[in-house]
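Notes for the structure review
As a plain string of letters, each chain reads:
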Amino acid sequence: KDLDEEDDDERDVLPEDPSGGGSPSETKTIILFDMSVCAGIGDFMGSQDSSGESFETTELEADYALRISGHSMEPTLADGSIVLVKAIEEPTDGQIVVVNVDGQSMVKRYRVKDGKAMLIPDNDSGEYQSILLGDGQDVHIQGIVLSSLS
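Residues numbered from 1 in each chain as written. Predicted model: local features only at pLDDT ≥ 70, side-chain atom pairs only at ≥ 80, totals over all residues. Heavy atoms only, no water.

A word on the pattern of salt bridges
Under the criterion given, the structure shown has four salt bridges. Note that K28 is salt-bridged to D63, the shortest N-O span being 4.0 Å. With a gap of 35 residues between them, K28 in strand β1 (residues 28-38) and D63 in the loop between β2 (52-57) and β3 (64-69) connect regions that are remote in the sequence. Taking relative accessible area as the criterion, K28 reaches 26% and is therefore assigned partly exposed. A salt bridge links R111 to D93, with the nearest nitrogen and oxygen atoms 3.1 Å apart. In this pair, R111 sits in strand β6 (residues 104-113) while D93 sits in the loop between β4 (82-86) and β5 (96-101), placing the two residues 18 residues apart along the sequence. R111 gets classed as buried once you look at its relative accessible area, which sits at 13%. (Salt bridge = Lys/Arg side-chain N within 4 Å of Asp/Glu carboxyl O. Helix = DSSP H or I, 4+ residues; strand = E, 2+ residues; numbered from the N terminus. Buried < 20%, exposed > 50% of the residue type's maximum accessible area, 1.4 Å probe, protein only.)

Have a look at this one:
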């Protein structure tokens, strides 16, 4: 089956919990970076040394937070929502990743089929394209999305 034609029931649904999803008694302060990350065709996010503000969450695995800009990950991630991200470099199939490809940072679903890695938009409007990851590209997985706050 073509990766662009995945069924809605095959997509992982992220928790949408205003508290961040952890125990209400335990909190963690992370940085909500000032830049937005693109859920569209890709924008440069820059380094994680960029400025930001303190952000309190009960999602104890979160390392930082970003604001989504764009519609390619709708309905899973809405334009303007805040995502809580765990910094990792090796995602598993089906996870939503923050990734920089050739200087363009974006949020997409990471899929592997027949040994080939792809970045897939959840928006099935036809407006957004999948990206086949291959040789010659400068690809840096920056983390996985743990949850979304509207």
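The structure having been displayed, the exposition proceeds.
What to know about the nonpolar core
Of all hydrophobic cores here, the largest spans 19 residues; its most connected members are F55, A65, L84, V97, V99 and L119. Those elements that place two or more of their residues in this core are β1, β4, β5, β6, β7 (116-120) and β9 (139-149). If you tally residues by element for this core, the top one is β9, at four residues. Counting residues in hydrophobic clusters, the runner-up holds 14 residues, among them A39, Y64, L66 and L77. (Core = buried A, V, L, I, M, F, W, Y, C linked by side-chain atoms within 4.5 Å.)

A word on the pairing of β5
A large share of β5 lies buried, amounting to six of its six residues. Of the two faces of β5, the one holding I96, V98 and N100 and the one holding V97, V99 and V101 are both buried throughout. Strand direction decides the pairing type here: β5 and β6, joined by six bridges, are antiparallel. Bridged to V97 within β6 is K108. The antiparallel hairpin formed by β5 and β6 contains two residues in its connecting segment, where D102 sits at a positive phi of about 50°. (Pairing = 2+ DSSP bridges.)

Observations concerning unusual backbone geometry
Leave glycine aside and you will find that most residues have negative phi; peptide bonds, for their part, are mostly trans. Of note, the amide linkage connecting E74 to P75 takes the cis form, showing an omega dihedral of 10°. As for its position among the elements, P75 is in the loop between β3 and β4. The backbone of D114 shows a phi angle near 55°, a positive value even though the residue is not glycine. You can see D114 is positioned in the loop between β6 and β7.

Points about the confidence of the model for the protein
Detail in the predicted coordinates should be disregarded across regions flagged by low pLDDT. Model confidence for the protein is summarised by a mean pLDDT of 82, while 75% of its residues fall at 70 or above. Predicted confidence for residues 1-9 stays below pLDDT 50, and this span has 15 contacts to residues more than four positions away or in other chains. (pLDDT = per-residue confidence, 0-100. Contact = heavy atoms within 4.5 Å.)

Here we look at the pairing of β9
Within β9, nine of the 11 residues are buried, which leaves the element mostly enclosed by the surrounding structure. Bridge count between β4 and β9: five bridges; the pairing is antiparallel. Residue pairing in the sheet places L84 in a bridge with S147 of β9. When β5 meets β9, the two strands line up antiparallel, connected through five bridges. Within the sheet, the bridge partner assigned to N100 lies in β9 and is H140.

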